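Topology and contacts: notes
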Amino acid sequence: MDGAGEALRGVPGLHDLWAATTQHARPSDGPTVPVRLLLDTLGLGLEQTITLLGSERPEWDAFAAWIVATAGRPDPARLARWDAWCDGRPPPEAEVERQAAVMAADPVLTPDEMVRWDRDGVVVLPQAIGRDEAAAIADHLWATVGADPDDPSTWSRPRPGGIMVQQFQHPSMDVPRRSARVAKAFAQLHGHADLVASVDRLSLNPPERDGYTFPGPHLHWDTSLVPPIPFETQGILYLTDTAADQGALRVVPGFHHRLAAGWLDQVGGADEGLVALADEAVPVPADAGDLVIWRQEIPHGASANRSDRPRLAQYLTHHPLRRPDDRGWFSPRPVEGPGRNSHPV
């Protein structure tokens, strides 16, 4: 890891992120970069990086060494693309060729699926990865949480983060991030392939039983509702066959149309409106290796697991390259309480 600090200091935005979070130095006066896209480029999870910087406040060389130890040395092609974008230059030729190949590939979402996407704002990409590949991620998840898939008593042990498993780097998890089929699906939805795969976490949603109830959070958005809301997607990859009652993702289909038509002005208060929406949320069952994709305007959340098997998943989307969102944050509070179909991812 010799020289990691010097090499990484040239990555646009990285030293400023370290300086601003640890307060060890003054950030530069340069333009602010989108932190999530920066970390995706480096193969780092947002939560793990911000937690490290905020709690341990490492010196720069120690932070650079942690990056290399955690995610490996950054891919030169990804760094070249990031550097060019931050500098306002055209992407490198290799990136231009990659995007062209994605756009030239056969569609993976059928015309009927695209119609449903336009109508509902939600679509399932069947077999985004193979069942064996999904099983490999599931095996890694079980090992990460120290649970036994054949012993239900180990599934709901208390864990930081509830159903979220803060694990971001593993060869099995990189398979869907690098999948050509996944890349094509997001390119179809966005209309272009100038996108970056997210480095996101895993999830274990065990069945409810005596002594364990679904912890939440509940039906929510992960974006501000201040207009105009930029077009973005979110996604969840099921690692096992997931039935409707198995803690599946729930969404409010078609809500993006209602939001665009002035929903916020019609409900007499955003919190009250979210409570009403909770009763409209429907589950999205799918098979192992299937990827559920939804528009970020769609209220969504996982459900309480009423089955006898846990739901295992990996979060995954592809982001467009755009400057940080400066709309400010406005969103109703997550819905809580018994009797409501309001759940987290």
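All values derive from a computational prediction rather than experimental measurement.

**Quick notes on the overall build of the protein**
Summing up its helical and strand segments, the protein has 14 helices and eleven strands in all. Relative to the globule expectation of 20 Å for 345 residues, the C-alpha radius of gyration of the protein, 20 Å, shows essentially globular dimensions. A sequence separation of at least 24 residues applies to 85% of the contacts in the protein between residues at least 6 apart. As presented, the protein carries roughly 15,600 Å² of accessible surface, and 53% of it is formed by carbon and sulfur atoms. Side-chain charges of the protein comprise 31 positive and 47 negative groups, with the mean position of each set lying 1 Å from the other.

**A look at unusual backbone geometry**
Across the junction of P227 and P228, the peptide omega takes the value -5 degrees, indicating a cis bond. Relative to the elements of secondary structure, P228 occurs in the loop between β4 (202-205) and β5 (233-238). Phi angles above zero are rare outside glycine, and Q23 is one such case at about 60 degrees. Note on placement: Q23 falls in the loop between α2 (14-22) and α3 (35-42). The phi dihedral of R57 falls on the positive side, at around 45 degrees, and the residue is not glycine. Mapped onto the secondary structure, R57 falls in the loop between α4 (46-56) and α5 (60-71). Under the relative-accessibility criterion, R57 is labelled partly exposed at 37%.

**A few points about the nonpolar core**
Core analysis: the biggest nonpolar cluster contains 31 residues, and I236, L249, F255, L277 and V292 have the highest contact counts within it. Within the residue set of this core, elements represented by two or more residues are β5, β6 (249-251), α12 (255-260), α14 (270-278), β8 (291-295) and β10 (311-315). Top element by residues in this core is α14. It accounts for three residues. Listed in part, the 29 residues of the second largest apolar core include L109, A147, M173 and L239.

**Observations regarding the pairing of β8**
Among the five residues of β8, five are classified as buried, and the element is accordingly described as predominantly covered. Residue alternation in β8 divides its side chains into two sets, L291, I293 and R295 and V292 and W294, and both sets are buried. Pairing of strand β1 (residues 122-125) with β8, which is carried by four bridges, proceeds in the antiparallel orientation. If you follow V124 over to β8, its bridge partner there is V292. For β5 and β8, the ladder comprises five bridges, and the chain directions are antiparallel. Within β8, the position partnered with I236 by the bridge is V292.

**A look at the sheet that holds strand β9 (residues 300-302)**
Sheet strands line up and pair through hydrogen bonds in the backbone, either parallel or antiparallel. In space, the three strands of this open sheet follow the order β7-β6-β9, with antiparallel pairing throughout. Each edge of the open sheet carries a strand with a single partner, namely β7 (282-283) and β9. Relative to β9, β6 runs antiparallel, the two sharing three bridges. If you follow V251 over to β9, its bridge partner there is H300.

Conventions adopted
Residues numbered from 1 in each chain as written. Predicted model: local features only at pLDDT ≥ 70, side-chain atom pairs only at ≥ 80, totals over all residues. Heavy atoms only, no water. Helix = DSSP H or I, 4+ residues; strand = E, 2+ residues; numbered from the N terminus. Rg over C-alpha atoms; globule rule 2.2 N^0.38 Å. Contact = heavy atoms within 4.5 Å. Areas by Shrake-Rupley, 256 points an atom, 1.4 Å probe, with all protein chains shown as cover. Lys, Arg positive; Asp, Glu negative; His and termini not counted. Charge placed at Lys NZ, Arg CZ, Asp CG, Glu CD. Buried < 20%, exposed > 50% of the residue type's maximum accessible area, 1.4 Å probe, protein only. Core = buried A, V, L, I, M, F, W, Y, C linked by side-chain atoms within 4.5 Å. Pairing = 2+ DSSP bridges.

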